[in-house]
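Understanding the architecture of this molecule
One letter stands for each residue in the lines below.
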Amino acid sequence: ETEEKIVLRDGRLALIRPLRPSEDIPLLAELLANVAGEDLFLRFSKVIQGVPPELLAKMARVDYDREMGFVALTENAQGQPVLLGVVDAFVMPDHSEAEFSILLRSDLKRSGLGSALMKKIISYCAARDIRSLVGLILKNNHGMRGLASHLGFSSTSDPDDDMVTVTLPLTKADN
């Protein structure tokens, strides 16, 4: 039930499934190697050089109670898995909210993959009675801000900060 097949705008088939820390670390390293420096900066809000092992460990961390991650995969010509993108959510202990993050290969912008991964994490969080999904996005990350708006997120920002907070209510809080 947590796996689904999707078709990208270019006709490519992809599988979205839960992140598997033990087997996905090499695929995450390859993904990071295929993301442009500017896109890494937009995702991590800092310059990333190479593939730091501590970043891989952090990206592969999933405890299934407080964190969940999904990956999108396809196969190369040799039948080997290729990671196209990853989305995750860190859930607050009281389930009041979860904070998402997402990263796609740079060549897959506007392919429908970001939308599919975001819908997957939204659905996952809503099914677990998390009240809202939030994300912190750099103000100049117009692509992600546009996607969040398209998916129904509202945004707030502080004029003195470089970040925008986007929020999507998932369930109504008990009165």
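Below: a short report on this structure.

**So, the sheet that holds strand β8 (residues 163-169)**
What the eight strands build is an open sheet, ordered β1-β2-β3-β4-β5-β6-β8-β7; its pairing is mixed. Looking at strand neighbours, the two that pair on one side only are β1 (4-7) and β7 (154-157), the edges of this open sheet. This sheet shows a mean twist of 25° between the axes of neighbouring strands, independent of strand direction. The sheet contact formed by strand β3 (residues 67-75) and strand β4 (residues 81-91) spans nine bridges and is antiparallel. Looking across to β4, one finds that L73 is bridged to L83. Strands β1, β2 (13-18), β3, β4, β5 (98-104), β6 (132-138) and β8 of the sheet are contacted by helix α4 (residues 113-127), whose axis makes an angle of about 35° with β4. In the packing of helix α5 (residues 142-150) onto the sheet, the strands contacted are β5, β6 and β8, and the crossing angle to β6 comes to about 160°.

**Quick look at the nonpolar core**
In terms of nonpolar packing, the biggest core is built from 55 residues, with L103, L113, M118, C125, L133 and F153 touching the most fellow members. If one sorts the elements of this core by residue count, α4 sits on top with eight residues. L103 has contacts with L31, L32, V35, L40, R43, F44, M59, G85 and V86, leaving out every residue within four places of it along the chain.

Parameters at a glance
Along every chain, residues carry numbers that run from 1 in the direction the sequence is written. Per-residue local features are limited, in this predicted model, to residues with pLDDT of at least 70; the limit for side-chain atom pairs, both in listing and counting, is 80 or more; totals at the level of whole chains, interfaces and linings are taken over all residues. Heavy atoms throughout the structure, all of them, feed into the side-chain values; hydrogens and water do not. By the convention used here, strands pair only if DSSP detects at least 2 bridges between them. Helix numbering and strand numbering both begin at the N terminus, where a helix is a DSSP run of H or I of at least 4 residues and a strand a DSSP run of E of at least 2. In this description, a line fitted to the C-alpha atoms serves as the axis of each element, helices being fitted only across the stretch in contact, and the angle between N-to-C directions of two axes falls anywhere from 0 to 180 degrees. In this description, contact between two residues means that some pair of their heavy atoms is separated by no more than 4.5 Å. For the purposes of this section, nonpolar cores are sets of buried Ala, Val, Leu, Ile, Met, Phe, Trp, Tyr and Cys residues that join through side-chain atoms within 4.5 Å. In this scheme, a residue with accessible area under 20% of its type's maximum is buried, one over 50% is exposed, and one in between is partly exposed, where area comes from a 1.4 Å probe on protein chains only.

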